[in-house]
Amino acid sequence: MVKTVAIIGAGISGLGAIKACLEEGLEPTCFERSDDIGGLWRFTDEVEDGRASIYKSLVTNVSKEIMCQSDFPMPEDFPNFLPNHKYFEYIRLYAENFNLVKYIKLKTSVCQVEKHTDFPVNGQWLVTTESNGVKKTDIFDAVMVCTGQHAKPALYLENLPGINTFRGRILHCREYKRPIGFDGKQVLIIGMGNTGVDIATELCTKASQVYLSCKTGVWVFGRLGKGGLPFDLGFLRRSLNWINNIMPPTVSRWMLKKDMNDHFNHDLYNIQPEGTVWREPLVNEELPSRILSGSIMIKPQVKKFTETSVHFEDGSVVENLDIVILATGYEYSFPFLDESIIKKDENKGSFYKKIIPLGIEKPTLAFIAFILPIGPTMVVAELQSRWATRLFKGLHKLPDPEGMRIEMLRDEERRKKWFATSENNFRRTNYISYLDDLASDIGVSLNIWKLFLTDPVLAWKVVFGPCNSYQLRLTGPGKWDGAREAIMTQWDRIAKPLSTRVVKKKTKANLLSYIPWILCVGILLFAVCLKG
Ligand SMILES: Cc1cc2nc3c(=O)[nH]c(=O)nc-3n(C[C@H](O)[C@H](O)[C@H](O)COP(=O)(O)OP(=O)(O)OC[C@H]3O[C@@H](n4cnc5c(N)ncnc54)[C@H](O)[C@@H]3O)c2cc1C
Ligand SMILES: *[C@@H]1O[C@H](CO)[C@@H](O)[C@H](O)[C@H]1NC(C)=O
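Residues numbered from 1 in each chain as written. Chains lettered and ligands numbered in written order. Predicted model: local features only at pLDDT ≥ 70, side-chain atom pairs only at ≥ 80, totals over all residues. Heavy atoms only, no water.

The name an unreviewed UniProt entry gives the protein chain is Flavin-containing monooxygenase, with Engystomops pustulosus as the organism. Of the protein chain, the UniProt comment under Cofactor (unreviewed entry) reads exactly: "FAD". (UniProt positions renumbered as here; feature names shortened; annotations may be inferred.)

Draft legend 1. View of the layout of surface pockets. One number sums up the size of the second largest pocket: a volume of about 940 Å³. For the lining of the second largest pocket, the secondary-structure elements that each account for two or more residues are helix 6 (231–235), helix 7 (238–246), helix 8 (249–263), helix 12 (401–419) and helix 13 (431–441). A per-element tally of the lining of the second largest pocket places helix 8 first, with eight residues. If you count residues domain by domain, the lining of the second largest pocket takes at least three from each of domain 1 (4–150 + 331–492) and domain 2 (155–328). (1 Å grid on protein atoms, 1.4 Å probe; cavity = no way out; pocket = protein on both sides within 12 Å on 5 of 7 lines; lining within 4 Å. Points joined across faces, edges and corners; volume = space filled by probe spheres on them. Helix = DSSP H or I, 4+ residues; strand = E, 2+ residues; numbered from the N terminus. Domains from an automatic or database assignment.)

Draft legend 2. Main features of helix 3 (residues 84–97). Taking 1.5 Å of rise per residue, 14 residues should cover 20 Å, and helix 3 covers 20 Å from first to last C-alpha, within 8% of that figure. By the burial criterion, the buried members of helix 3 are Asn 84, Tyr 87, Phe 88, Tyr 90, Ile 91, Tyr 94 and Ala 95. Angular distribution of buried residues about the axis of helix 3 spans 155 degrees; they occupy a single face of the element. Its buried side turned inward, helix 3 meets helix 1 (12–23), helix 2 (64–67) and helix 11 (377–392). Count one or two residues on from helix 3 and you reach Asn 99, which has phi positive near 60 degrees. (Expected span 1.5 Å × (residues − 1). Buried < 20%, exposed > 50% of the residue type's maximum accessible area, 1.4 Å probe, protein only. Arc of directions from axis to C-beta. Contact = heavy atoms within 4.5 Å.)

Draft legend 3. Expanded view of the nonpolar core. By size, the foremost hydrophobic cluster in this structure holds 128 residues, and its most contacted members are Tyr 87, Met 144 and Ile 325. Top contributing element to this core by residue count: helix 11, with nine residues. Looking at which domains feed residues into this core, each of domain 1 (4–150 + 331–492) and domain 2 (155–328) supplies at least three. Ignoring anything within four residues of it in the chain, the contact list for Tyr 87 reads Ile 12, Trp 41, Thr 60, Met 67, Met 74, Leu 82 and Met 378. (Core = buried A, V, L, I, M, F, W, Y, C linked by side-chain atoms within 4.5 Å.)

Rendered as structure tokens:
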């Protein structure tokens, strides 16, 4: 019987895990190596070992009504896309509201997690922590790993011949904090992910020239969607997801391409992804205009570096290069776990439902938020925790190994259909389908048809409106009474931060005011008829 749970990390995933444990009557203890909660979203000027590091100007790329925790809407006056300090504020509010802080041991890092000698029988873990130089080992019935996926930089230096001879400054995006020290410099940024492009658009107003080198192209979204609404409110909808799932991939690919190129022509800019539906989506409204005005120049892959220059694969050369920024992403790192449990550079499919390591004798170890959904990570993490805690308690079961294998093959097929490629994107997942999958395992998924009969207005909003996290609290275990209300009032919270200058809207003309016009037209028609 699982009772005590060790949670590693007090970022938003760790907090969600604590809450999920409490909802299931488990006893969580959360260990956090740094001196505060918030993980990635707590900005500091120093880079901390083992904790993700962000830049001062980071703004979320998913909007508040989509990304908030499922039973805790954001304050209505919060902007729709949050600067990192605002999201950190929200994390604090969440922790305080549900009284989660008392379960957290700050300045305590987990240095080892080992199977108990009787593991195959009891599924217990020996968790060794270190605090102020003092080491301590405790037994836990289950462990939830919430350490994030952005702490260990992936450099891929082998793809950059000659980088060691380059005499300018080289930094990983993890070390980038503010646009200081770049005035008048020639800067090369390698990697066209969200971070690389954020840094490029920030530096291009300071640097003499920014070059952005990319291997494969991307589809570029902007935060600003149709009618000025957050873009994700438009495309994260159940109705669209259904259509996309039943349509042949070629058709949905064509539609996506058309949609993206209506925004701006990716072919013309030579940044279209090759043949794929979705690669890493990019959310950056500035990029196209910066390319248009020449302050960012898109380049192909690097061929080699010399002491002062860079040569690209197309033969072009940039001389007098000052700074190279590697925005090449991150890799998994679980230094506290033995390789037999999870291989060190494991990027491939070795987790069932992307949560439980395959082949483990007892499913008492869960990995939370090691996934890249096309949608908010936090919402996925929260549901994963609810799924895992109920699994710990035996309220739902894993299939047998053969069943797992079949299921994983099916998921892989689906993934290929969606993400048509290629290397190392096992973590990429269709957001809504993945949520639904977990939700149905733990009995919180909605019976949409029934909902249309019992509560048609709500059903309409669930299917055709934005797919927000509240939908995961409408029914089943962990049901939240405020969920329906939160869905009904979502548009108020979206509009509220924009109403800082309220303009009196013209009152709608009522029918009476049209009477003179109707009379005029009537008389005219009458006159015409008489003449005829
Ligand atoms: C630049 C950037 C922007 C992003 N923007 C978005 C976005 O807009 N929307 C979105 O959905 N996602 C975004 N993400 C993804 C991000 O992963 C999630 O937003 C979310 O922060 C993940 O939270 P987490 O709690 O899993 O990890 P983290 O926030 O990284 O927290 C992990 C915590 O674990 C602690 N820890 C690590 N190792 C140990 C140990 N051994 N012992 C004890 N404690 C330990 C760390 O100190 C840290 O506090 C972004 C990521 C990056 C890098
Ligand atoms: C938001 O940014 C993170 C970090 O770069 C990325 O992993 C994620 O895919 C982005 N989300 C969307 C919806 O683009």
